[in-house]
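# A look at the structure
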Amino acid sequence: MRRFLRDNSLGLVFGVLFLIVLTGQAFAGHAQFDQQQLVEVLPPVSLGRYVTSASFGTDVAENWQSEYLQFFLYIFLTVWLLQKGSPESKSLDDVGLESDREQEVGPHATPDSPKWAAAGGWRTALFSNSLGLVMGLLFLGSWLAQSIAGVAAFNEEQLSDRQDPVTWGQYLMEPDFWNRTLQNWQSELLAVASMAVLAIFLRQRGSPQSKPVGAAHTATGVEG
Amino acid sequence: MTAILDEDLPSPGTVVTTEVYGQWAQVRLTADTVFLGVFPGGWRVVAAGCTPRGGDRPYDCVLQGG
């Protein structure tokens, strides 16, 4: 058991932290929602009612979609884009999809390779892009969820302000949808650009996200 | 009650459409639009005799409750 926890501590710790922080967001969001209820002379709602509300749904989904977009872009673009001196970049000579030998696919698969890496055809092609594709699908799914929960939350505000509700299609053209979307995208893109560039000159001893402390600033694609 | 009857509210008609989002609802009648909110006892009308003012501007309502 101790061994299992140690060997999986990265995924487990982030998973537990996610649940703690999501719970914190639910309590903080509930308190804010009830403050607004008071302003509108409506009775407070229960925590259960709040966490199933469109307001909570869109607040959660708008952050999820931008995180998955970040990973989707990062995974696909780092196939072709380089950053000299950054551990986030591959070696300057390895631009592109690389050879089957380097990627251990088809006849170059090893006995330990996943079955679909050795299978060839559509299965290898699909498995070769599965990480980026799943991130892309999770992005599209959570962006869609943001828009569906968002239009309901938006219409709740519209009715409280004695305005007409809008359809889902109309909501996609509303400033509320794009403000929620773009404010998350810009922060993710800034974080990626910062990481790619700062990791050229700065080090974190022992972290695989950093180059070894003594590695040259010009060394690219080296992880410590 | 008399005060409400003194207001120049449109005569009630049949329901044309209803829209419900969270704690709020909008009911369009043939000659009126009313807004409702959820209270412990159920739905209550919070605005009646409402006419649209066009664009993104809120409805102009004869009666507004708090």
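Residues numbered from 1 in each chain as written. Chains lettered and ligands numbered in written order. Predicted model: local features only at pLDDT ≥ 70, side-chain atom pairs only at ≥ 80, totals over all residues. Heavy atoms only, no water.

With that out of the way, let us pick up the interface of chain B and chain A. At the interface, 22 residues of chain B touch 18 residues of chain A. Interface area for chain B against chain A, summed over the two sides, is near 1,700 Å², with a carbon-plus-sulfur share of 62%. Three residues, Tyr21, Gln23 and Trp24 of chain B, lead the burial of chain B against chain A; their summed loss comes to 44% of the area buried on that side. Between Asp164 of chain A and Arg28 of chain B there is a salt bridge, with the nearest N and O atoms lying 2.9 Å from each other. (Contact = heavy atoms within 4.5 Å. Buried area = accessible area lost by both parts, 1.4 Å probe. Salt bridge = Lys/Arg side-chain N within 4 Å of Asp/Glu carboxyl O.)

For helix 4 (residues 54–80) of chain A, which comprises 27 residues, the first-to-last C-alpha distance of 39 Å matches the rise-based estimate of 39 Å (1.5 Å per residue) to within 8%. Restricting attention to buried positions, one finds in helix 4 of chain A the residues Ala54, Ser55, Phe56, Thr58, Val60, Ala61, Glu62, Gln65, Ser66, Leu69, Gln70 and Val79 of chain A. (Helix = DSSP H or I, 4+ residues; strand = E, 2+ residues; numbered from the N terminus. Expected span 1.5 Å × (residues − 1). Buried < 20%, exposed > 50% of the residue type's maximum accessible area, 1.4 Å probe, protein only.)

Further remarks concern the packing of aromatic side chains. Where two aromatic rings form a pair, the distance of their centres and the angle of their planes describe that pair. Throughout the structure, instances matching the rule amount to 14 aromatic pairs over all chains. Centre to centre, the rings of Phe139 of chain A and Trp185 of chain A are 6.3 Å apart; their planes meet at 55°, and the pair counts as tilted. Placement of Phe139 of chain A in helix 8 (residues 130–160) and of Trp185 of chain A in helix 10 (residues 175–201) is noted, with a sequence separation of 46 residues between them. Pairwise contacts between aromatic rings join Phe139, Trp143, Phe154, Tyr171, Phe177, Trp178 and Trp185 of chain A into one cluster. The ring of Phe39 of chain B is capped by Arg44 of chain B, whose NZ or CZ atom sits 4.7 Å from the centre of that ring. (Phe/Tyr/Trp six-rings, centres within 6.5 Å; stacked < 30°, edge-to-face > 60°. Lys NZ or Arg CZ within 6 Å of the ring centre and 35° of its normal.)

To continue, consider the pattern of salt bridges. Residue and element names in this part refer to chain A. In the structure shown here, the tally under the stated rule is seven salt bridges over all chains. Here Arg3 ties to Asp7 by a salt bridge, and the two come within 3.1 Å at their closest N and O atoms. Of this pair, Arg3 and Asp7 both sit in helix 1 (residues 2–7), four residues apart, roughly one helical turn. Assessed through its relative accessible area of 60%, Arg3 is described here as exposed. Given a relative accessible area of 45%, Asp7 falls into the partly exposed group. Arg6 serves as the salt-bridge partner of Asp7, at 2.8 Å between the closest nitrogen and oxygen. In this structure Arg6 comes out as exposed when scored by relative accessible area, which is 59%. Connected through salt bridges with shared partners, the residues Asp59, Glu62, Asp176 and Arg180 form a single ionic network.

Our focus in this paragraph is the nonpolar core. Within the largest apolar cluster, ten residues are counted, these being Leu42 and Leu159 of chain A together with Trp24, Phe35, Phe39, Val46, Ala47, Cys50, Tyr59 and Cys61 of chain B. Mapped onto this core, the elements with two or more residues apiece are strand 3 (33–39) and strand 4 (42–51) of chain B. Ranked by the residues each element gives to this core, the list is headed by strand 4 of chain B, at three residues. In contact with Leu159 of chain A, other than residues within four places in its own chain, are Pro165 of chain A together with Glu19, Tyr21, Trp24, Ala25, Gln26 and Phe35 of chain B. Residues Phe139, Val166, Tyr171 and Phe177 of chain A belong to the second largest nonpolar core, which totals nine residues. (Core = buried A, V, L, I, M, F, W, Y, C linked by side-chain atoms within 4.5 Å.)

Turning our attention to the state of the cysteines. Residues and elements named next belong to chain B. All told, the structure shown has one disulfide over all chains when counted by the stated rule. Each sulfur of the disulfide joining Cys50 and Cys61 lies 2.1 Å from the other. The chirality of the disulfide connecting Cys50 with Cys61 is right-handed, given an S-S dihedral of about 110°. Taken together, the residues Cys50 in strand 4 and Cys61 in strand 5 (residues 60–64) connect sequence positions eleven residues apart. Given a relative accessible area of 3%, Cys50 falls into the buried group. (Disulfide = S-S within 2.5 Å.)

Predicted coordinates in areas of low pLDDT are best not read in detail. Mean pLDDT for chain A: 96, with 100% of residues reaching 70 or above. Confidence scores differ between elements of chain A, with helix 1 of chain A showing the lowest mean pLDDT of 95 and helix 9 (residues 168–171) of chain A the highest of 98. (pLDDT = per-residue confidence, 0-100.)

All names here are of chain A. With respect to the element layout, Thr52 can be found in the loop between helix 3 (47–51) and helix 4. Judged by its relative accessible area of 63%, Thr52 is exposed. Residues Thr52 and Pro165, spaced 113 residues apart in sequence, show a C-alpha to C-alpha distance of 20 Å. A polar contact of 3.0 Å, which involves the side chain of Thr52, links it to the backbone oxygen of Gly48. (Polar contact = N/O pair within 3.5 Å; in protein donor to acceptor, adjacent residues only side chain to side chain.)

In this section: the pairing of strand 4 of chain B. All names here are of chain B. Across five bridges, strand 3 lies against strand 4 in antiparallel orientation. Each residue of the ladder has a partner; that of Phe35, found in strand 4, is Ala47. Where strand 4 meets strand 5, four bridges bridge the pair, whose relative direction is antiparallel. Each residue of the ladder has a partner; that of Ala47, found in strand 5, is Gln64. (Pairing = 2+ DSSP bridges.)

All names here are of chain B. One open sheet accounts for five strands, arranged 1-2-3-4-5; its pairing is antiparallel. Here the strands that pair on one side only, and so sit at the sheet edges, are strand 1 (15–21) and strand 5. Taking each pair of neighbouring strands and ignoring which way they run, the sheet shows an average axis angle of 25°. In the sheet, strand 1 pairs with strand 2 (residues 24–29) via six bridges, with the strands oriented antiparallel. Within strand 2, the residue paired with Tyr21 across the bridge is Trp24. (Axes fitted to C-alpha atoms, helices over the stretch in contact; angles between N-to-C directions.)

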